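Analysis of the macromolecular model
What follows is the residue order along each chain.
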Amino acid sequence: MSSSDTHKQSLVERLDAVNEFEREPVSKDKLHGAKSFIAMFSSEHVAGTEFVLGTLLVLHGVSAFDALFGLLVGNILAVLSWALMCAPIAVKERLTVYWQIRKIAGPYLTVIYSALFAVIMCVLAGSMVAVSTTAIAHPFGIESPNFAAGDVIPSLPWMLVACGVGVVIALLAMFGFEKLAHFAKVCAPWMPLIFVGGAVASLPALGVTGPGDFMEAAKTKIWTGVPAEGVSKYGFWSCVGLAWLCNVSQHMGMGDVTIFRYAKKWYYGFASAFGMFIGHYIAWICSGIMCAAFLQLNGAGSNPSPGGIAWLGAGWAGLVCVVLAGWSTANPTLYRAGLAFQVVTPGWSRWRITMFAGVGMMVAACVPAVTFYLDMVVAYYGLFFMPLGAFIFFDYWVFPKLGLQRNWAERLGLLASWPALVGWFGSFIICFFLYAKEAYPSFAWVNDVLPSFLASYQPDFFMQVLPAWILAVVLYTACATIQQKLYRGVVPPLKGSGASASEPEVELVAR
Amino acid sequence: MKSVLKLISYLGLALSVVPSLLVFSGAMEFENHYNYMSVGMVLWFATAIFWIKPDQHEM
C-alpha cells in the first residue's frame with residue numbers, strides 16, 4: 001500500500017495530530033519513582049465494576065477453592081505479565097502504545113484500533129454509570145433492572161437517573177478532568193476499606209462468628225459451587241482466566257507501556273500487584289461475601305445490585321462508595337474514549353467529542369445485559385485488543401533473533417501491515433469460533449467442518465488468552481517472514497528512537 | 001495544621017473499618033456501624049482533600 005493518496009494522507013495526519021505530543025520518548029527528568037505507580041494502580045483498580053464482578057462469580061457458582069485460589073493464580077499471572085512483558089519494553093522504548101503499534105502495524109490499523117477502542121471504552125464507562133445508578137436509585141426506592149429475571153430494559157425512572165448521572169459525568173469530564181483526577185486520588189485509600197468493612201460486618205449474617213467459621217461458610221453459603229438459575233457454571237480456570245484476562249489489553253496487550261514509559265526501572269511493573277490484590281482480589285472477595293449475605297437475607301431470587309449489596313454491608317458509606325467508585329473510573333474511561341474518537345472525528349471540538357462519547361456511554365448504561373455480561377464484555381475486550389501487544393513483544397524480543405527487521409511498517413512507510421492484520425483478526429476469529437461452537441447453538445455447525453481434535457476441544461473462554469496470544473504471534477511472524485522475504489530492496493534506516501534506532505541499514509537478500 | 005488534618009483523616013479511615021470488626025466480634029450492633037462508617041466518610045473527605053496533593057504531571 002502506498003502513502004500517496006491525498007485522502008489517506010489526511011487521515012494519517014489527523015491520527016498523528018491527536019498524539020502530537022506523545023511521539024517523543026520520555027526524557028529522564030520526567031521519570032517517576034515506584035510510589036507513583038503504586039498509588040496509580042491502587043486507585044485505578046478499585047472501581048465500581050468490582051461490585052459487579054465479585055457478585056458475578058457468586059452467581060456463576062464458583063466454589064470457595066476456585067474463588068480464593070483461582071483469583072490468586074490469575075492475579076499473580078496478571079502482575080507477572082505487567083512486570084515481565086509490558087514494563088521492560090516500556091522503559092526501553094519510552095513511547096506510547098499508539099506509536100509502538102503505528103511502527104509495526106501502520107497508521108491505518110491504528111485508526112481501526114482507536115475507533116474500536118473508543119466504542120469499548122463507552123461500553124465500559126456505561127457499565128460504571130449503571131453501577132453508580134443502582135446506588136442512587138436505591139434510597140429513592142427505584143427498582144434496579146434484574147436481567148436474570150427478564151428485565152431487558154430498565155424502568156423509565158431508572159433510565160432518567162442513569163441519564164442524569166451520565167450527563168454529570170460527561171460535563172465533568174469536559175470541564176474538570178484534572179480536579180476529578182485529584183478527587184479520585186483522595187477516594188483511593190478510603191474505598192477498599194468500605195469493601196472490607198462491609199464484608200466483615202456482613203459475615204455474621206452468614207453464620208460466621210469467628211475466624212474458624214469462615215471456610216465452612218465460604219464453602220456452603222458464599223461460593224457454593226452451584227450457579228444461580230439460568231446462569232452458566234464457572235470453575236477454577238474461569239477464575240484464573242477472568243483475573244488474568246480482565247486487564248489483558250493493559251499488560252499483554254501493552255496498553256500500559258504508555259504509563260510505564262515514565263518508570264525509572266522496569267521492575268516497577270510489580271507495582272501492579274497493589275491494584276490487582278486490593279482491587280481484583282480483596283474487593284472481589286468482599287463483594288462476593290456481601291452478595292451472599294444479601295441473597296441470604298432477601299432470598300435466592302432477589303436482585304443483588306451493587307447499590308443493594310453496598311447498602312446492606314455499609315449503609316450510606318456503602319452507597320457513596322458505589323457512586324464514587326463508578327464515577328471516578330467512568331470519568332477517565334470517558335476521557336480515553338473521547339481521545340480515541342478524536343481520530344475519526346476531524347475538526348470536532350473537545351466538548352462535542354466528549355458529549356458524543358457520553359451519549360454512547362448513557363445508551364450502554366441503559367442496557368442491563370451489559371452489566372449482566374460484564375465478565376464476557378471484559379473478556380472479549382481483552383482478547384480482541386491483546387494481539388497488537390503480542391506483536392509489539394515479538395517484534396522487540398524475537399524478530400532480531402529470527403533475522404527479521406523490526407518496525408517494518410514504519411521503515412517502508414506502509415499504511416497498513418498485512419501480517420499484523422492477519423495476526424490480529426485471524427487469532428481473534430479462530431479463538432471466537434473455537435469458543436462459539438460450544439457456547440452458542442447457532443455456531444454448532446463449526447464442529448462439522450473441524451478436524452476431530454479441534455471439534456472435541458471445549459475451551460473455557462476466559463482461558464483463551466494463552467492460545468490467542470500464541471496464535472497471534474505465530475500468524476504474525478509467519479506472515480512477516482513472507483513479507484520481508486518478498487521485499488527486494490534496501491531497508492531504510494529508522495529515524496525514530498529506542499533500541500532499534502541504532503540498527504544499521506540492512507540490505508535484504510532477495511530470493 | 002497539616003498534621004492535624006492528617007490525624008483527623010486517619011481517624012476517619014479507622015471509623016470506616018474498626019466498627020465492622022466490632023460487629024464481627026459481637027461487641028457492636030450491626031445498625032450502629034452504619035453510623036460510624038458515615039462519620040468516618042465525612043471526616044476522611046472533609047480533611048484528606050486538603051493534604052493529598054494532585055499529580056504534578058499526568059502520566
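Parameters and conventions
Along each chain, the written sequence defines residue order, and numbers are assigned to residues from 1. Here the convention is simple: chains get letters from A, ligands get numbers from 1, in the order in which they are written. With pLDDT at 70 or above as the cut-off, local features in this predicted model cover only qualifying residues; side-chain atom pairs require 80 or more to be listed or tallied, and sums for whole chains, interfaces and linings still use all residues. Where side-chain values are given, they derive from all heavy atoms of the structure, hydrogens and water being excluded. For salt bridges, the criterion is a side-chain nitrogen of Lys or Arg within 4 Å of an Asp or Glu carboxyl oxygen. Helix and strand definitions here come from DSSP, where helices need a minimum of 4 consecutive H or I residues and strands a minimum of 2 consecutive E residues; each element is numbered from the N-terminal end. Three exposure classes are used, based on accessible area relative to the maximum for each residue type with a 1.4 Å probe and protein chains only: buried under 20%, partly exposed in between, and exposed over 50%. Stacked, tilted and edge-to-face pairs are distinguished by plane angle, under 30 degrees for stacked and over 60 for edge-to-face with tilted covering the rest, among Phe, Tyr and Trp rings (Trp via its six-membered ring) whose centres lie within 6.5 Å. The term nonpolar core refers to a set of buried residues drawn from Ala, Val, Leu, Ile, Met, Phe, Trp, Tyr and Cys, joined through side-chain atoms within 4.5 Å. Here, residues are in contact when the closest pair of their heavy atoms is within 4.5 Å. Axis lines are fitted through C-alpha atoms, for helices just across the contact stretch, and the angle between N-to-C directions can take any value from 0 to 180 degrees. Here the angle decides the label: under 35 degrees means roughly parallel, over 145 means roughly antiparallel, 65 to 115 means roughly perpendicular, and every other value means oblique. Each helix crossing is assigned a hand: it is left-handed if the near helix lies turned anticlockwise from the far helix by less than a right angle, otherwise right-handed if that turn is clockwise. Each polar contact in these results corresponds to two N or O atoms within 3.5 Å; when the atoms are within protein, one needs to be able to donate a hydrogen and the other to accept it, and residues that are neighboring in sequence are counted only if both atoms are side-chain atoms. UniProt positions are given in the numbering used here, feature names are shortened, and annotations may be inferred rather than shown by experiment. To count toward a patch, a residue needs a relative accessible area over 30% and no salt bridge; like charges are then connected within 9 Å, while nonpolar side chains (Val, Leu, Ile, Met, Phe, Trp, Tyr) are connected within 5 Å. Every accessible area reported is derived by Shrake-Rupley at a probe size of 1.4 Å, with residue values counting cover from the shown protein chains alone. Buried area, as used here, totals the accessible surface that two parts lose on assembly, with accessibility defined by a 1.4 Å probe and the loss added over both. Think of it as three bins: nonpolar holds Ala, Val, Leu, Ile, Met, Phe, Trp, Tyr, Cys and Pro, charged holds Asp, Glu, Lys and Arg, and polar takes everything else, Gly as well.

1. Comments concerning the pattern of salt bridges
Residue and element names in this part refer to chain A. The tally for this structure, following the rule as stated, stands at four salt bridges over all chains. Between Lys 103 and Glu 410 there is a salt bridge, with the nearest N and O atoms lying 3.5 Å from each other. Taken together, the residues Lys 103 in helix H5 (residues 97-105) and Glu 410 in helix H18 (residues 408-412) connect sequence positions 307 residues apart. When its relative accessible area of 7% is taken as the criterion, Lys 103 is described as buried. Of the charged contacts in the structure, one is a salt bridge between Asp 395 and Arg 406, with a shortest N-O distance of 3.3 Å. Here Asp 395 is found in helix H17 (residues 374-397), whereas its partner Arg 406 is found in the loop between H17 and H18, with eleven residues between them in sequence. Each member of the pair, Asp 395 together with Arg 406, is buried.

2. Thoughts on the packing of aromatic side chains
Throughout the structure, instances matching the rule amount to 52 aromatic pairs over all chains. Judged by centre distance (5.6 Å) and plane angle (85 degrees), the rings of Phe117(A) and Phe385(A) are edge-to-face. Linking Phe117(A) in helix H6 (residues 107-137) with Phe385(A) in helix H17, this pair joins segments that are 268 residues apart in sequence. Here Phe117(A) and Phe385(A) have matching classes, each one buried. Centre to centre, the rings of Phe30(B) and Tyr34(B) are 5.3 Å apart; their planes meet at 70 degrees, and the pair counts as edge-to-face.

3. Quick notes on the nonpolar core
Formed by 164 residues in total, the largest nonpolar core has its most connected members in Trp190(A), Trp223(A), Met254(A), Phe260(A), Trp469(A) and Trp44(B). Broken down by element, this core gets its largest block of residues, 18 residues, from H17(A). Leaving out residues up to four positions away in the same chain, Trp190(A) has contacts with Ala317(A), Val320(A), Cys321(A), Leu324(A), Leu13(B), Ser16(B), Met41(B), Trp44(B) and Phe45(B). Residues Ala130(A), Ala137(A), Trp158(A) and Ala162(A) belong to the second largest nonpolar core, which totals five residues.

4. Re the packing of helix H3 (residues 49-59) of chain A against helix H14 (residues 306-342) of chain A
All names here are of chain A. Contact pair H3 / H14: the axes reach a minimum separation of 12 Å and the direction vectors enclose 160 degrees. Here H14 runs roughly antiparallel to H3, going by the angle between their axes. The element H3 and its partner H14 pack so that their crossing is right-handed. Contacts from Phe 51, Val 52 and Thr 55 in H3 reach Pro 306, Ile 309, Ala 310, Cys 321 and Val 322 in H14.

5. Details of the side chain of Asp256(A)
All names here are of chain A. Turning to its location among the elements, Asp 256 is positioned in the loop between helix H11 (236-245) and helix H12 (257-260). Residue Asp 256 is classed as buried on the basis of its relative accessible area of 8%. There is a polar contact of 2.9 Å between the side chain of Asp 256 and the side chain of Trp 82. Among residues more than four places away in sequence, those in contact with Asp 256 are Phe 41, Trp 82, Cys 86 and Gln 250.

6. Re the UniProt feature "transmembrane region" (unreviewed entry) in chain B
According to UniProt, the feature "transmembrane region" (unreviewed entry) maps to residues 7-28 and 34-52 of chain B in the numbering used here. Across residues 7-28 of chain B, helical content stands at 86% and strand content at 0%; the span's end C-alpha atoms are separated by 24 Å.

7. Considerations on a nonpolar patch on the surface
Residues and elements named next belong to chain A. A grouping of Ile 76, Leu 80, Leu 84, Trp 266, Tyr 267 and Phe 270 is seen on the molecular surface, where their side chains present a nonpolar patch of about 550 Å² in accessible area. Examined against the element boundaries, Trp 266 turns out to sit in the loop between H12 and helix H13 (272-298). Take Trp 266: its relative accessible area is 38%, and that puts it in the partly exposed class.

8. Re the interface of chain B and chain A
Listed by partner, the interface residues are 24 residues for chain B and 38 residues for chain A. Interface area, chain B with chain A, both sides summed: about 2,600 Å², of which 76% is carbon and sulfur. In this structure, the connection of chain B to chain A is made through zero salt bridges. Scanning the region where chain B abuts chain A turns up six residue pairs in polar contact (both at pLDDT 80 or more). Taken together, the elements giving at least two residues each to the side of chain B that touches chain A come down to helix H1 (2-25) and helix H2 (30-51) of chain B. Among the elements that make up the side of chain B that touches chain A, the one with the highest residue count is H2(B) (ten residues). Taken together, the residues of the side of chain B that touches chain A sort by class into 16 nonpolar, five polar and three charged.

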